[in-house]
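Below, each chain spelled out in residue letters.
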Amino acid sequence: MSLKTDLKKYSRKVYEHGFTAATDGNLSVRFSENVLLITRSGISKGEVEEKDIIACDPDGNLVMGQGKASTEFRMHRYIYKMRKDVNAVIHCHPLHATAFATTGNTLDIPVFPEVVLTIGRIPLCRYATPSTDELAESLSQYIEFANVFLLENHGAVTVGKNLKEAFYRMEKLEHYAQSLTIARTLGTVRQLSREDLNKLYSAAEKVYGIKLHEKNKF
Ligand SMILES: [Zn+2]
């Protein structure tokens, strides 16, 4: 599947899952050392066609395609620059995760073992003006190790080795935020203990073949 076809597919998926409204959100993939493919500005992710994918250089200049690159290309290029293991970035406003990002109510706690292993830490990046370099800089403390970021009063960003992985992380983030919201209406949330976590981390490599960045562990 071509990268453009993949971008169209996952743009539509984030819209269908309700992770974006109106023309919100943006998705990109690393195309080469100096070119990224990104959804164009001002289009609903539910209506993205291959012609709505723009190739741009690190300064946002058009390399191929028609229209303007998403205004958030600065954040995307920052992530690709800092993380050589990342080839795909998704930015959305999923309802529950965004609600957590707006209240400062942290998701950065160990509750579900699968979330601990596949996402790890979920930092809340301080508020920054959308579409500016300031937004990219708000990720700087965490970019080395995190794969999922909450943007204060804004939304969420996930990264992955490909779009599928970045999408699964977004889906898992929202599912986790929703589960935690429901759990709190029912009672007290039990967090995993140090002992639970130690056992989980020792099983991670042996059983699941997952290697976590040390800073991405609780
Ligand atoms: Zn946004």
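Now for a look at the structure at hand. (Residues numbered from 1 in each chain as written. Predicted model: local features only at pLDDT ≥ 70, side-chain atom pairs only at ≥ 80, totals over all residues. Heavy atoms only, no water.)

### Here we look at the overall build of the chain
Secondary structure summary: the chain contains seven helices and eight strands in total. At 17 Å, the chain has a C-alpha radius of gyration in line with the 17 Å of a compact globule built from 218 residues. Principal-axis analysis of the C-alpha atoms places the extent of the chain at approximately 55 × 35 × 30 Å. The 218 residues of the chain split such that 47% are buried. Here the chain displays about 10,700 Å² of accessible surface, and carbon together with sulfur accounts for 51% of that area. (Helix = DSSP H or I, 4+ residues; strand = E, 2+ residues; numbered from the N terminus. Rg over C-alpha atoms; globule rule 2.2 N^0.38 Å. Buried < 20%, exposed > 50% of the residue type's maximum accessible area, 1.4 Å probe, protein only. Areas by Shrake-Rupley, 256 points an atom, 1.4 Å probe, with all protein chains shown as cover.)

### Some remarks on the coordination of the zinc ion
Reference values for coordination geometry: four tetrahedral donors around a metal ideally subtend 109.5 degrees, six octahedral donors ideally subtend 90 or 180 degrees. In the first shell of the zinc ion, the protein supplies H91 (NE2), H93 (NE2) and H154 (NE2), at 2.0 to 2.1 Å from the metal. Read in sequence order, the donor residues for the zinc ion give the motif H-x1-H-x60-H. Residue H93 is found in the loop between strand 5 (88–92) and helix 3 (95–103), and its partner H154 is found in the loop between strand 7 (148–151) and strand 8 (155–160); the two are separated by 61 residues along the sequence. What makes H93 partly exposed here is its relative accessible area of 22%. (Donors = N, O, S within 2.8 Å, 3.2 Å for Na, K, Ca; no water.)

### Notes on the pairing of strand 5
Of all the five residues making up strand 5, five are buried; the element is thus mostly covered by neighbouring parts of the structure. Judged by which residues are buried, strand 5 turns out to be covered on both faces: A88, I90 and C92 on one side and V89 and H91 on the other are all buried. As paired elements, strand 1 (residues 26–32) and strand 5 share four bridges and run antiparallel to each other. Paired with N26 across the two strands is H91, which belongs to strand 5. In this structure, strand 5 lies alongside strand 8, joined through five bridges in antiparallel fashion. Each residue of the ladder has a partner; that of A88, found in strand 8, is G160. (Pairing = 2+ DSSP bridges.)

### Considering the sheet that holds strand 6 (residues 124–125)
If you walk across this open sheet you meet the eight strands as 4-3-2-1-5-8-7-6, and the pairing is mixed. If you trace the sheet from one side to the other, it starts and ends with strand 4 (62–64) and strand 6, each paired once. As paired elements, strand 1 and strand 2 (residues 35–39) share four bridges and run antiparallel to each other. When the sheet's bridge partners are listed, S28 is paired in strand 2 with I38. Lying over the sheet, helix 1 (residues 3–16) contacts strand 1, strand 2, strand 3 (53–56), strand 4 and strand 5, oriented at roughly 165 degrees with respect to strand 1. Of the strands in this sheet, strand 1, strand 5, strand 7 and strand 8 are in contact with helix 6 (residues 163–186), which crosses strand 8 at around 145 degrees. (Contact = heavy atoms within 4.5 Å. Axes fitted to C-alpha atoms, helices over the stretch in contact; angles between N-to-C directions.)

### Topic: the packing of helix 3 against helix 6
Between helix 3 and helix 6, whose axes approach to 7 Å, the crossing angle comes to 70 degrees. Accordingly, the angle class assigned to the pair helix 3 and helix 6 is roughly perpendicular. Helix-helix and strand crossings are classified by hand; for helix 3 and helix 6 the assignment is left-handed. In this structure, helix 3 contributes L95, H96, A97 and F100 to the contact, and helix 6 contributes L173, E174, A177, Q178, L180, T181 and R184. (Parallel < 35°, antiparallel > 145°, perpendicular 65-115°, else oblique. Left-handed = near helix turned anticlockwise from the far one by under 90°.)

### Regarding the pairing of strand 8
Across the six residues that make up strand 8, a large majority, six, are buried. Inspection of the sheet shows strand 7 paired to strand 8 by four bridges, in the antiparallel sense. Paired with L150 across the two strands is A156, which belongs to strand 8.

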